Amino acid sequence: MAASSRAQVLRLYRALLRESQRFSSYNYRMYAIRRIRDAFRENKNIKDSEKIEELVNKAKANLEIIHRQV
């Protein structure tokens with residue numbers, strides 16, 4: 001993975017975790033954090049740039065959803 005792509009993924013990961021911390025309900029907050037961590041760990045060994053781009057776009061959409069719900 002290129003350095004810029006790696007940095008983009010890390011920024012997205014941190015943004016998702018930060019936004020999830022804003023859920024007022026403990027259960028929603030912990031569920032979101034657990035799902036984010038599990039998804040990133042599950043996909044950490046993917047090398048295909050097209051698949052990485054697809055996953056990044058999906059994560060960005062999920063970030064927008066979390067932002068609206070919070």
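Placed above this text is the structure.
Bear in mind that the values here come from a model prediction, so they are computed numbers and not experimental data.

Concerning the overall build of the protein chain
Next up, step 1: For the protein chain, the count of helices and strands is 3 helices and 0 strands.
Next up, step 2: Counting helices and strands in the order they occur from the N terminus, the protein chain gives α-α-α.
Next up, step 3: Residues counted as buried form 24% of the 70 residues belonging to the protein chain.
Next up, step 4: Here the analysis covers contacts within the protein chain between residues at least 6 apart in sequence; of these, 63% occur between residues at least 24 apart.
Next up, step 5: Working note: accessible area of the protein chain is about 5500 Å², and carbon and sulfur atoms make up 49% of it.
Next up, step 6: In the protein chain, which carries 16 positive and 8 negative side-chain charges, the distance between the mean positions of the two groups comes to 9 Å.

Examining helix α2 (residues 26-42)
Next up, step 1: In this model α2 runs 24 Å from its N-terminal to its C-terminal C-alpha over 17 residues, within 8% of the 24 Å that 1.5 Å per residue would give.
Next up, step 2: Those residues of α2 that sit buried are Arg-29, Ala-32, Ile-33 and Ile-36. Burial along α2 is one-sided: seen end-on, the buried residues are contained in an arc of 95 degrees. In α2, the exposed residues that point more than 90 degrees away from the buried face are Tyr-26, Asn-27, Arg-35, Arg-41 and Glu-42.
Next up, step 3: In this fold, the buried residues of α2 make contact with α1 (3-20) and α3 (49-69).

Examining the layout of surface pockets
Empty pockets left among the atoms are what a rolling probe the size of a water molecule brings to light.
Next up, step 1: There is about 990 Å³ of room inside the largest pocket.
Next up, step 2: Lining the largest pocket are 29 residues; nearest its centre among them are Arg-35, Ile-36, Ala-39, Phe-40 and Ala-59.
Next up, step 3: Elements with a minimum of two residues in the lining of the largest pocket: α1, α2 and α3.
Next up, step 4: For the lining of the largest pocket, the residue count by class is 20 nonpolar, 3 polar and 6 charged.

Overview of the pattern of salt bridges
Next up, step 1: Counted by the stated rule, this structure contains 2 salt bridges.
Next up, step 2: Close ionic contact of Arg-22 with Glu-19 constitutes a salt bridge, the shortest N to O distance being 2.9 Å.
Next up, step 3: Residue Lys-51 is joined to Glu-54 by a salt bridge in which the shortest nitrogen-to-oxygen separation is 3.9 Å. Separated by 3 residues within a single helix, Lys-51 and Glu-54 lie in helix α3, roughly one turn from each other.

The rules behind each value
Residues numbered from 1 in each chain as written. Predicted model: local features only at pLDDT ≥ 70, side-chain atom pairs only at ≥ 80, totals over all residues. Heavy atoms only, no water. Helix = DSSP H or I, 4+ residues; strand = E, 2+ residues; numbered from the N terminus. Buried < 20%, exposed > 50% of the residue type's maximum accessible area, 1.4 Å probe, protein only. Contact = heavy atoms within 4.5 Å. Areas by Shrake-Rupley, 256 points an atom, 1.4 Å probe, with all protein chains shown as cover. Lys, Arg positive; Asp, Glu negative; His and termini not counted. Charge placed at Lys NZ, Arg CZ, Asp CG, Glu CD. Expected span 1.5 Å × (residues − 1). Arc of directions from axis to C-beta. 1 Å grid on protein atoms, 1.4 Å probe; cavity = no way out; pocket = protein on both sides within 12 Å on 5 of 7 lines; lining within 4 Å. Points joined across faces, edges and corners; volume = space filled by probe spheres on them. Nonpolar A, V, L, I, M, F, W, Y, C, P; charged D, E, K, R; others polar. Salt bridge = Lys/Arg side-chain N within 4 Å of Asp/Glu carboxyl O.

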